[in-house]
Amino acid sequence: MPLVDHDDSVLVVIDAQEGFFGDGLPGGDGEQARQALARMTWLVKVGRRLGVPAVITEEDPETHGATFAPIAALLPQETAIVKPTFSLTGTPRVVDRIERTGRTTAVLVGFETDVCVAQSAMGLKECGMRVVVVEDAVFSPGEMHRRGLERMVAEGVELNHCKGLAYEWTRTVENSRSVLSDPEVGEAPFRL
């Protein structure tokens, strides 16, 4: 597979809502969810700096709440689209928004790895898109995170990670220094 090109990417933020990471998560799961959110937020900043369009979905916001406020604040022009389906491809309005970007690589982050992210990834792949799931910017509690990743890989979905994707998007030492040290991008939630 070729490197992921930021000029051909659309960042899809799937259901990054408090109901999926709130106080109800025990111990390590809560910490992993917060780490995934920090990475999602940072990746949205990198994408915004590079001009990567974003699409945001929300599942049942009356129950799960709105998109994580720091992410929503970065994308005020992007109204979250409510999806009543687990796969975003079951919601024509979401598919239309993705297609209108003119991009053919969907980069997925969000909740939950084994359900909405996995079903969306497989659905977008069936629609003919290249699909890259950022494995450290998605989350499901317990063993379901790993199971979701395994299922997607078995279906031919590509995995990447925040650091790897950021460097693929920037491509050169000069560009990476310019983008990744930009104060608007801020410090990465991991060592670069």
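Notes on the structure in this doc start here. (Residues numbered from 1 in each chain as written. Predicted model: local features only at pLDDT ≥ 70, side-chain atom pairs only at ≥ 80, totals over all residues. Heavy atoms only, no water.)

### Focus on the nonpolar core
Point 1. Residues L11, M40, W42, L43 and W169 are the most contacted members of the largest nonpolar core, which totals 38 residues.
Point 2. The set of elements that each furnish at least two residues to this core consists of strand 1 (9–14), helix 1 (27–50), strand 2 (54–58), helix 3 (69–74), strand 4 (105–111), strand 5 (130–139), helix 7 (162–170) and helix 8 (173–180).
Point 3. Of all the elements, helix 1 adds the most residues to this core, at nine residues.
Point 4. In contact with L43, not counting residues within four places along its chain, are L11, V109, V134, C162, L165 and W169.
Point 5. Formed by 23 residues, the second largest nonpolar core is a distinct cluster that contains V94, V117, M152 and V157. (Core = buried A, V, L, I, M, F, W, Y, C linked by side-chain atoms within 4.5 Å. Buried < 20%, exposed > 50% of the residue type's maximum accessible area, 1.4 Å probe, protein only. Helix = DSSP H or I, 4+ residues; strand = E, 2+ residues; numbered from the N terminus. Contact = heavy atoms within 4.5 Å.)

### Here we look at helix 5 (residues 113–126)
Because an α-helix packs 3.6 residues into every turn, residues spaced three or four apart end up facing the same way.
Point 1. An ideal rise of 1.5 Å per residue puts 20 Å on 14 residues; helix 5 measures up with 18 Å between its terminal C-alpha atoms.
Point 2. Of all the residues in helix 5, the buried ones are T113, C116, V117, A118, S120, A121, M122, G123 and L124.
Point 3. Tucked into the core, helix 5 has its buried residues touching strand 1, helix 4 (92–100), strand 4, strand 5 and helix 6 (144–154).
Point 4. Among the residues trailing helix 5, G128 stands out with phi positive, at a value near 95 degrees. (Expected span 1.5 Å × (residues − 1).)

### Thoughts on helix 6
Point 1. Among the residues making up helix 6, those that are buried are H145, G148, L149 and M152. Each buried residue of helix 6 sits inside an arc of 100 degrees when the element is viewed along its axis, so together they form one side.
Point 2. Tucked into the core, helix 6 has its buried residues touching helix 5, strand 5 and strand 6 (158–160).
Point 3. Backbone geometry just after helix 6 places G156 at a positive phi near 90 degrees. (Arc of directions from axis to C-beta.)

### Topic: the packing of aromatic side chains
Point 1. Evaluation of the coordinates by the stated rule reveals two aromatic pairs.
Point 2. Look at W42 and F190: their rings are 5.2 Å apart centre to centre, the planes differ by 80 degrees, and that puts the pair in the edge-to-face class. With a gap of 148 residues between them, W42 in helix 1 and F190 in the segment after helix 8 connect regions that are remote in the sequence. A single burial state applies to W42 and to F190, both of which are buried.
Point 3. With centroids separated by 5.8 Å and ring planes inclined at 85 degrees, the aromatic side chains of F111 and F139 adopt a geometry described as edge-to-face. Linking F111 in strand 4 with F139 in strand 5, this pair joins segments that are 28 residues apart in sequence. (Phe/Tyr/Trp six-rings, centres within 6.5 Å; stacked < 30°, edge-to-face > 60°.)

### Here we look at the environment of V10
Point 1. Relative to the helices and strands, V10 is located in strand 1.
Point 2. What makes V10 buried here is its relative accessible area of 0%.
Point 3. Residues V10 and T105, 95 residues apart in the sequence, show an inter-C-alpha distance of 6.3 Å.
Point 4. Once residues lying within four places of it in the same chain are set aside, the contact partners of V10 are V52, P53, V55, I98, T101, R103, T105, A106, V107 and M129.

### Considerations on the packing of helix 5 against helix 6
Angle between the axes and distance between the axes are the two parameters that describe a pair of packed helices.
Point 1. At a closest axis distance of 9 Å, the pairing of helix 5 and helix 6 adopts a crossing angle of 15 degrees. The pairing of helix 5 with helix 6 is recorded here as roughly parallel in orientation. For helix 5 against helix 6, the interelement crossing comes out right-handed. Contact with helix 5, carried on its side by T113, D114, V117, A118, A121 and M122, involves M144, H145, G148, L149, R151 and M152 of helix 6 and no other residues of that element.
Point 2. Among the residues forming the contact of helix 5 with helix 6, the class breakdown is seven nonpolar, three polar and two charged. (Axes fitted to C-alpha atoms, helices over the stretch in contact; angles between N-to-C directions. Parallel < 35°, antiparallel > 145°, perpendicular 65-115°, else oblique. Left-handed = near helix turned anticlockwise from the far one by under 90°. Nonpolar A, V, L, I, M, F, W, Y, C, P; charged D, E, K, R; others polar.)

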